[in-house]
Amino acid sequence: MKLAILLLCHKNPDQINKFLEVMRHSQIVFFIHIDKKNNFSENIVKRDDVYVLPDNSCQDIQWGNISMVQATLNLIEFALSKNLSFDYFWLCSGQDFPIKPVKEIINFLENKTDNFINLFNSKNSVGKYSNYDKRNNLYYPIWIMGNSLYQRILKRIYIIITGGYKKTYFFNRKNSTRFDFYFGSQWWCLNNKTIKWIMAYCKDNNEYYDFYKNCVVPDESFFHTLVLNSPFAKDRKDYLHYIDWSDSGNSPKTLTLKDFDKIVASPFLMARKLDIKIDKHLFDTLEQGKSLTCII
């Protein structure tokens, strides 16, 4: 079994290097995208199993627009170009950290064929129109994308005047993808066959990518919709990340040592999000308590 870990990073090179060390294993290769506006590639550890995308393949990632999807596609393409016959491609963040020892993670994925992705369709449990549809059903111009105060206000006004969060009465655009939309967490672990199908589909169907250029938070729908409309739709289990959304914001809670017991008691393999500048002790406790480092 060979695993490609795709890392989307934007800060804290020391934290990324710690991740690379505890996840070091002969069956794992790392591919790193560093946000173009925060280039610190010279601070990333130099190893044969660590590949940092060249500057011309890196995106200036902006919240809520297609740049996150493009960065992920660039990571996949870069990993595939190495012809290393990966069994799995695991998309992670530079603010992730493993919960289980690396050997246990490898053993978990060994001989598996499932795709691990958090998915739910656009309808809620009683079949009503949900606000997630609104992310795709309206045409959002690029200038309205983003997470600044004025952009959030403009999006809110735009959504309300077109029917509110549960319906779209005006400017409902044509679904050129011809797919039912699905949504879920950005972080997934997909098998080789599924990844190759996704890349081939995108290459042959440019209109799919073009449609998502004007969707809000497309990284939480782009790959999910493809997986659920692919030949591998039934080969699915939930994602491998422990994420705490209890803060009820646009971003998950930043985990600290206070969350340690909940983290290690979970069945997940990876935790996010962590910040070494906020709580270094959580990293140390996870590493010591679970004997994470295991170079084979």
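Residues numbered from 1 in each chain as written. Predicted model: local features only at pLDDT ≥ 70, side-chain atom pairs only at ≥ 80, totals over all residues. Heavy atoms only, no water.

Caption draft 1: Highlighting the sheet that holds strand 12 (residues 270-272). In spatial order, the strands read 5-12-11; together these 3 strands make up an open sheet with mixed pairing. In this open sheet, the two strands that pair with only one neighbour each are strand 5 (97-98) and strand 11 (241-243). Alignment of strand 11 against strand 12, held across 3 bridges, turns out to be parallel. Residue Ile 243 lies in a different strand from strand 12, and its bridge partner there is Arg 272. (Pairing = 2+ DSSP bridges. Helix = DSSP H or I, 4+ residues; strand = E, 2+ residues; numbered from the N terminus.)

Caption draft 2: Structural detail: the packing of aromatic side chains. Tallied over the entire structure, the rule returns 26 aromatic pairs. Geometrically, the ring pair formed by Tyr 212 and Phe 222 is edge-to-face, given 5.3 Å between the ring centres and 70° between the ring planes. With Tyr 212 in helix 7 (residues 206-212) and Phe 222 in helix 8 (residues 222-228), this pair connects stretches of sequence that are 10 residues apart. Both residues of the pair, Tyr 212 and Phe 222, count as buried. Each ring, one from Tyr 239 and one from Phe 268, has its centre 6.2 Å from the other, and the planes form 85°; the classification is edge-to-face. Taken together, the positions of Tyr 239 in the loop between strand 10 (236-237) and strand 11 and Phe 268 in the loop between helix 9 (260-265) and strand 12 put the pair 29 residues apart, joining distant regions of the chain. Residue classification places Phe 268 among the partly exposed residues on the basis of a relative accessible area of 23%. Members of the aromatic cluster, joined through ring pairs, are Phe 179, Phe 181, Trp 188, Trp 197, Tyr 201, Tyr 208, Tyr 209, Phe 211, Tyr 212, Phe 222 and Phe 223. Taking the ring centre of Phe 108 as reference, the NZ or CZ of Lys 112 above it sits at 4.3 Å. Across from the ring centre of Phe 211, 3.7 Å away, lies the NZ or CZ of Arg 173, which sits over that ring. (Phe/Tyr/Trp six-rings, centres within 6.5 Å; stacked < 30°, edge-to-face > 60°. Buried < 20%, exposed > 50% of the residue type's maximum accessible area, 1.4 Å probe, protein only. Lys NZ or Arg CZ within 6 Å of the ring centre and 35° of its normal.)

Caption draft 3: Focus on unusual backbone geometry. With an omega dihedral of 0°, the bond running from Arg 272 to Lys 273 counts as a cis peptide bond. As for its placement among the helices and strands, Lys 273 is situated in the loop between strand 12 and helix 10 (280-290). Backbone geometry places Asn 83, a non-glycine residue, at a positive phi of 50°. Locating Asn 83 in the fold gives a position in the loop between helix 2 (67-81) and strand 4 (88-93). Although it is not a glycine, Val 217 adopts a positive phi angle of roughly 50°. When you line up the elements, Val 217 lands in the loop between helix 7 and helix 8.

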